[in-house]
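# Coordinate analysis (summary)
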Amino acid sequence: METLDKKDLERFKRIITEKHSALCEELRYREQSSIKENQRETGAELSSYANHPAEAASDYANLTMNLNLAERDSKYLVQLADALDRIEQGTYGICVVCRKLIPMVRLEAVPTATKCIECKHEVKKREQEEAKR
Ligand SMILES: [Zn+2]
């Protein structure tokens, strides 16, 4: 089975490790500032929401947006950790479907890619067809 060069693996390992720790940091920072935010809000007057329904609605929108963001980020964090696992196991850069090497340009654009473009399209097409049923 074909694999990536050791040199390339090392390079991707560095890129992914950096992304991973930057995102960890970011999530931790965001968590801390939202705790502070909550503490500040519990200190605020309880009646303020009742007086400003529009404000409450926009707070809710912000909250949902933050949750969506957090969900997306934590998914990405898992993908990065998975990619590091695959580097350790020597399966990084190999398409999980057709077992061929994923082109370098694709890995450079999407370091967490687990499929080559062809297989990705194939899987997506199948998913869309299944969704139609
Ligand atoms: Zn493939």
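Our subject is the structure that appears above.
Procedures and definitions
Residues numbered from 1 in each chain as written. Predicted model: local features only at pLDDT ≥ 70, side-chain atom pairs only at ≥ 80, totals over all residues. Helix = DSSP H or I, 4+ residues; strand = E, 2+ residues; numbered from the N terminus. Buried ≥ 20, exposed ≤ 12 C-beta atoms within 10 Å, placed from the backbone. Contact = placed C-beta atoms within 7 Å. Core = buried A, V, L, I, M, F, W, Y, C linked by C-beta atoms within 7 Å. Expected span 1.5 Å × (residues − 1).

## Considering the overall build of the protein chain
Regarding its fold elements, the protein chain presents 5 helices and 0 strands. Counting from the amino terminus, helix and strand elements in the protein chain follow one another as α-α-α-α-α. In terms of principal-axis extent, the alpha carbons of the protein chain reach across some 65 × 40 × 20 Å. In the protein chain, which comprises 133 residues, the share counted as buried stands at 9%. Across the protein chain, the fraction of contacts at a sequence separation of at least 24, relative to all contacts at a separation of at least 6, is 59%.

## Quick notes on the nonpolar core
Formed by Leu4, Phe12, Ile16, Leu80, Ala83, Tyr92, Ile94, Ile102, Leu107, Ala113 and Cys116, the largest nonpolar core amounts to 11 residues. Of all the secondary structure elements, the ones that give two or more residues to this core are helix H1 (6–43) and helix H3 (53–89). Once residues within four sequence positions are removed from consideration, Leu107 is found in contact with Phe12, Gly93, Ile102 and Ala113.

## Looking at unusual backbone geometry
In this model, Arg99 sits at a positive phi of 65°, which is unusual for a non-glycine residue. Along the chain, Arg99 falls in the loop between H3 and helix H4 (104–109).

## Structural notes on H3
Here H3 spans 54 Å end to end across 37 residues, near enough to the 54 Å set by a 1.5 Å rise per residue. With 2 of 37 residues buried, H3 lies mostly on the surface of the structure. Downstream of H3 by one or two residues, Gly90 has phi in the positive range, about 75°.

## Structural notes on the environment of Leu27
Tracing the chain through its elements places Leu27 in helix H1. For Leu27, a count of 15 C-beta atoms within 10 Å gives the class partly exposed. Along the sequence, Leu27 and Leu77 sit 50 residues apart, while their C-alpha atoms lie 9.7 Å from each other.

## What about the environment of Thr42?
Mapped onto the secondary structure, Thr42 falls in helix H1. C-beta crowding within 10 Å serves as the criterion here: with 8 such atoms nearby, Thr42 is assigned to the exposed category. Expressed as a C-alpha distance, the spacing of Thr42 and Glu25, which sit 17 residues apart in the sequence, is 26 Å.

## Comments concerning the environment of Lys100
For Lys100, the position within the fold is in the loop between H3 and H4. Here Lys100 is in contact with Cys95 and Cys116, once residues within four sequence places are set aside.

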